[in-house]
Amino acid sequence: MKKIILSLGFCLITALTFAQADFKGQKFGDGVTPGDVKPAAKMEAAMGDKKVADMKIEGKVVDVCKKKGCWMTLEMPNGDPMRVTFKDYAFFMPMDIVGKNVVLDGIAKKQTISVETLRHYAEDAKKSPEEVAKITDPKKELAFEAKGVVILDK
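Procedures and definitions
Residues numbered from 1 in each chain as written. Predicted model: local features only at pLDDT ≥ 70, side-chain atom pairs only at ≥ 80, totals over all residues. Heavy atoms only, no water. Helix = DSSP H or I, 4+ residues; strand = E, 2+ residues; numbered from the N terminus. Buried < 20%, exposed > 50% of the residue type's maximum accessible area, 1.4 Å probe, protein only. Contact = heavy atoms within 4.5 Å. Areas by Shrake-Rupley, 256 points an atom, 1.4 Å probe, with all protein chains shown as cover. Lys, Arg positive; Asp, Glu negative; His and termini not counted. Salt bridge = Lys/Arg side-chain N within 4 Å of Asp/Glu carboxyl O. Pairing = 2+ DSSP bridges. Phe/Tyr/Trp six-rings, centres within 6.5 Å; stacked < 30°, edge-to-face > 60°. Lys NZ or Arg CZ within 6 Å of the ring centre and 35° of its normal.

Student: Just checking my understanding: could you explain the overall build of the protein for this structure?
Tutor: In terms of helices and strands, the protein carries four helices and seven strands. From first element to last, N terminus to C terminus, the protein shows the α and β order α-β-β-α-β-β-β-β-α-α-β. The burial tally for the protein puts 35% of its 154 residues in the buried class. In the protein, once contacts between residues fewer than 6 apart in sequence are set aside, the share between residues at least 24 apart is 71%. If you sum the accessible surface of the protein, you get close to 9,700 Å²; carbon and sulfur atoms cover 56% of it.

Dropping the structure here:
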């Protein structure tokens, strides 16, 4: 009897140890495994001196590519949204998720975006030709390449 109780206890502890809460919501790409998720606002601090870091972040969507959902931007504390692209263009986001919270798993980056790319992004966002023409300098920014996304059910 003691062996049965001990075995059941061991099984229960093992099950609880390996059980992981899953993010509830619509999943894209590889999804997001449970783990250390940082707010998007703290991503740069978490990166330290690294230009690239593997991490999970959570944030609020402020814009999505109007053509096919091939990128989105997340709200950042400095008011300058952070661009999120998707690894190998393997998946796209629904275009109606502005204002929703998402969890991302992928690669955080500190990068410089060329004028040509900035203009392309502006065109994708349906900016006017005048607004696109005003883009004349490259821009240093934080970016994220997601291999998995969950649109949270919150």
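Let us keep going from here.
Student: Help me understand the side chain of Lys56, please; the structure alone is not making it clear to me.
Tutor: With respect to the helices and strands, Lys56 occurs in strand S3 (residues 52-64). Buried charged residue Lys56 carries no salt bridge. Nearest counter-charge: Asp105, at 4.5 Å. Dropping the residues within four chain positions of it, Lys56 is found in contact with Val32, Thr33, Pro34, Gly35, Asp36, Val37, Lys38, Leu104 and Asp105.

Student: Quick question: what am I supposed to make of the pairing of strand S6 (residues 101-113) here?
Tutor: In the case of a regular strand, side chains alternate between the two sheet surfaces. By the bridge criterion, nine bridges tie S3 to S6 in an arrangement that is antiparallel. Looking across to S6, one finds that Gly59 is bridged to Val102. Where S6 meets strand S7 (residues 139-152), twelve bridges bridge the pair, whose relative direction is antiparallel. The residue of S7 that forms the bridge with Gln111 is Glu141.

Student: I would appreciate a short explanation of the packing of aromatic side chains in the present structure.
Tutor: Centre-to-centre distance and the angle between the planes together describe a pair of aromatic rings. In total, this model carries three aromatic pairs according to the counting rule given. The interplanar angle of 45° and the centroid separation of 6.4 Å between the aromatic rings of Tyr89 and Phe92 together place this pair among those described as tilted. The exposure class of Phe92 is partly exposed, given its relative accessible area of 31%. When the ring centre of Trp71 is taken as origin, the NZ or CZ atom of Arg83, which lies over that ring, is 4.2 Å away. Above the plane of the ring of Tyr121 lies Arg83, whose end atom (NZ or CZ) is 3.5 Å from the centre.

Student: Please explain the pattern of salt bridges as it appears in this structure.
Tutor: Where charged atoms of side chains with opposite charge meet at close range, the side chains can pair. In total, this model carries four salt bridges according to the counting rule given. As a salt-bridge pair, Lys38 and Asp36 come within 2.5 Å of each other at their nearest N and O atoms. By relative accessible area, Lys38 is classed as partly exposed at 23%. With a relative accessible area of 57%, Asp36 lands in the exposed category. As a salt-bridge pair, Lys139 and Asp80 come within 3.2 Å of each other at their nearest N and O atoms.

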